[in-house]
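Single-letter residue listing:
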Amino acid sequence: MLCPFCLAEVKFKRQKLAGQPASIYLCSHCNEQVPALYAQDYRQYPPVVVSAIGFRQHGKTVYFASLFYTLKKLTLARDWPEFFTMGLNEDSLDTVYGNAEMLGGGTLPDSTPKNFPRPTMVRAEGVPMQPNCTMLFFDTGGECFEKPTQLVQFAGFVRRAKAAMLLVSVPDLEDPRAEIQKLLNTYVVGMRELGGQTNDQHLVIVYTKADQLASRFTGRWQDLHSYLLQGSVEALAQPDGYMERMYQVSSRLFDFTEQELHAHEFINTAQAHFKSLNFSTISALGAGPIGARLPVAIVPRRILDPLLWIMEKSFPKKFWRQWWGW
Ligand SMILES: Nc1nc2c(ncn2[C@@H]2O[C@H](COP(=O)(O)OP(=O)(O)OP(=O)(O)O)[C@@H](O)[C@H]2O)c(=O)[nH]1
Ligand SMILES: [Mg+2]
Ligand SMILES: [Zn+2]
């Protein structure tokens, strides 16, 4: 079983502590206490590592916060029969509810410190097109992705992801072509140093802050703008055909990356080093903040797409049968 803290494949030890009503589960490698819900229900809710990889201030933490906000505040459970999410330990509950409240109250999270993060563990059941699972969200400071040595030291969790998620804010890059390539290059070097193989991973590129990027989705890219505008979470209330649409959008963003960002080298590198390459674009907030505050309530756009990509790529196809009608 995968320890959610050190990410080693281990057997959990059961230990009965004096004065405790039930035995607890400990990782035999790092000795951290693993939530009972995680250990006992491991097979029904297998872990999925969701790792946010990207430069400082490119929107990693706000993206996760916006996801938690959406999962908690919006009425998804009304449209999706059987749907729920739940935090698996106290830290995870604090993060999910704390971040949802922060965004709801109009404030934004601080820049994330550089350290090996603890996961936010969220059980997800009944999400359309997804098997039940435990999502392990990892988020550290963007500095960790600037140099391979930093990545190895602070972001070793990336090795366990079946699909790597790179978050890139194009409007924040002076030279997107060179900088995206550098991020990918750093990642590939770091992964190999960690003993991992990117060729065993899928790659999902997420263009963040789409509300700003949308000024480039004009002319022949207008369809991408329309996709975003229609992309409130309610669009997922009817999941039929949603994945097919995501594939189409991914292919359009591939073209955009080539023809508008001229990032040919990046695309070639990604194709040579990963099992697959897909794109999505999101706006976690829906509009730019003024300083550290949000002027209006957030209107997230297409923020479930990257998660759906991670699921699609993390599980064998048999899980998908029910949605594709095979
Ligand atoms: N316009 C717009 N701005 C956003 C959006 N998401 C994030 N931002 C802005 O980007 C800033 C940085 O976002 P974070 O999520 O904290 O960035 P990060 O990648 O976690 O940064 P580090 O923790 O420093 O690595 C936020 O404070 C917002 O001002 C978005 O969807 N739209
Ligand atoms: Mg952050
Ligand atoms: Zn461990």
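Residues numbered from 1 in each chain as written. Chains lettered and ligands numbered in written order. Predicted model: local features only at pLDDT ≥ 70, side-chain atom pairs only at ≥ 80, totals over all residues.

Student: Provide a residue-level description of the overall build of the chain, including the pertinent values.
Tutor: Scanning the chain from N- to C-terminus turns up 12 helices and 10 strands. For 326 residues, the compact-globule formula gives about 20 Å, and the C-alpha radius of gyration of the chain, at 19 Å, lands near that figure. Here the C-alpha coordinates of the chain stretch approximately 70 × 50 × 45 Å along the principal axes. For the chain, the proportion of its 326 residues judged to be buried stands at 43%. (Helix = DSSP H or I, 4+ residues; strand = E, 2+ residues; numbered from the N terminus. Rg over C-alpha atoms; globule rule 2.2 N^0.38 Å. Buried ≥ 20, exposed ≤ 12 C-beta atoms within 10 Å, placed from the backbone.)

Student: Now, about the sheet that holds strand β1 (residues 12–15): what can you tell me, with residues and values included?
Tutor: The strand order across the open sheet built from three strands is β1-β2-β3, with neighbouring strands paired in antiparallel fashion. The open sheet has two free edges, formed respectively by β1 and β3 (33–34), since each of these has just one partner strand. (Pairing = 2+ DSSP bridges.)

Student: I'd love a proper account of the site of ligand 1, names of residues and values included.
Tutor: Around ligand 1, the surrounding shell holds 23 residues, and the nearest of these are T61, V62, T112, G142 and G288. Where the shell around ligand 1 is concerned, the elements lending two or more residues are α2 (60–73) and α7 (210–213). It is α2 that contributes the most residues to the shell around ligand 1, three residues altogether. (Near = placed C-beta within 6 Å.)

Student: If you had to explain helix α6 (residues 176–193) to someone new, which residues and values would you point to?
Tutor: With 18 residues, α6 should cover 26 Å at 1.5 Å per step; its first-to-last C-alpha distance of 26 Å lies within 8% of that length. Considered for burial, the residues of α6 that qualify are P176, I180, L183, L184, T186, Y187, V188, G190 and M191. A positive backbone phi angle near 90 degrees is found at G195, which sits one or two residues after α6. (Expected span 1.5 Å × (residues − 1).)

Student: Break down the environment of L76 for me, with residues and values.
Tutor: Its location among the elements puts L76 in helix α3 (residues 76–79). It is 8.7 Å that separates the C-alpha atoms of L76 and L236, two residues lying 160 residues apart in sequence.

Student: Break down the sheet that holds strand β6 (residues 120–125) for me, citing the residues and quoting the values.
Tutor: What links the strands of a sheet is backbone hydrogen bonding, and the strands pair in either a parallel or an antiparallel sense. Pairing within the open sheet is mixed, and its seven strands lie in the order β5-β6-β7-β4-β8-β9-β10. Pairing within the sheet leaves two strands with one partner each, and these edge strands are β5 (84–87) and β10 (276–281). Neighbour-to-neighbour, the strand axes of the sheet open up by a mean angle of 25 degrees, direction not taken into account. (Axes fitted to C-alpha atoms, helices over the stretch in contact; angles between N-to-C directions.)

Student: Tell me about the nonpolar core, residues and numbers included.
Tutor: By size, the foremost hydrophobic cluster in this structure holds 90 residues, and its most contacted members are A164, M165 and L166. A per-element tally of this core places α2 first, with eight residues. Structurally, this core is a two-domain feature, drawing no fewer than three residues from each of domain 1 (1–34) and domain 2 (35–324). With sequence-adjacent residues up to four places away left out, M165 is seen in contact with V50, S51, A52, I53, V204, V206, P306 and I310. (Core = buried A, V, L, I, M, F, W, Y, C linked by C-beta atoms within 7 Å. Domains from an automatic or database assignment. Contact = placed C-beta atoms within 7 Å.)

Student: Which residues make up the domain arrangement of the chain, and what are the values?
Tutor: Interface size is commonly expressed as the accessible area that is lost once the parts come together. Domain boundaries in the chain define domain 1 (1–34) and domain 2 (35–324). Between the C-alpha centres of domain 1 and domain 2 there is a distance of 29 Å. At the interface, eight residues of domain 1 touch 13 residues of domain 2. Split by residue class, the side of domain 1 that touches domain 2 holds eight nonpolar, no polar and no charged. (Nonpolar A, V, L, I, M, F, W, Y, C, P; charged D, E, K, R; others polar.)

Student: Just give me the short version of the packing of α6 against helix α10 (residues 264–273), but keep the residues and values in it.
Tutor: α10 packs onto α6 with a crossing angle of 25 degrees between their chain directions and a minimal axis gap of 9 Å. Regarding the angle of α6 to α10, the classification is roughly parallel. α10 is crossed by α6, and the crossing has left-handed handedness. Contacts from I180, Q181, L184, N185 and V188 of α6 reach α10 at E265, F266, T269, A270 and H273. Broken down by class, the residue content of the contact of α6 with α10 amounts to five nonpolar, four polar and one charged. (Parallel < 35°, antiparallel > 145°, perpendicular 65-115°, else oblique. Left-handed = near helix turned anticlockwise from the far one by under 90°.)

Student: An account of the environment of Y42 is needed here, citing residue identities and associated values.
Tutor: Here Y42 shows up in the loop between α1 (36–40) and β4 (47–53). Along the primary structure Y42 and L2 are separated by 40 residues, whereas in three dimensions their C-alpha atoms are 9.2 Å apart.

Student: I'd like to hear about the packing of helix α8 (residues 222–229) against helix α9 (residues 242–259), residue by residue, with values.
Tutor: Relative orientation of the contacting elements α8 and α9 amounts to 135 degrees, with a least axis distance of 10 Å. Taken as axis vectors, α8 and α9 run oblique relative to one another. The hand of the α8/α9 crossing is left-handed. When α8 is examined against α9, the residues D223, L224 and Y227 are found in contact with a partner set consisting of V249, R252, L253 and F256.

Student: Which residues make up unusual backbone geometry, and what values do they have?
Tutor: With a phi angle near 65 degrees, N31 is a residue other than glycine that sits in the positive phi range. For K209, which is not glycine, the phi torsion reads 50 degrees and is therefore positive. Mapped onto the elements of the fold, K209 is located in the loop between β9 (202–207) and α7.

Student: How would you sum up α9? Please name residues and give values.
Tutor: With 18 residues, α9 should reach 26 Å at 1.5 Å per residue; the first-to-last C-alpha distance of 26 Å fits that figure. Along α9, the residues classified as buried are M246, V249, L253, F256 and T257. Looking straight down α9, one finds that the buried residues subtend no more than 95 degrees of arc, so they occupy a single side. For α9, the exposed residues set more than 90 degrees away from the buried face come down to E244, Q248, S251 and Q259. Lining the buried residues of α9 we find β9, α8, α10, β10 and α11 (304–314). (Arc of directions from axis to C-beta.)

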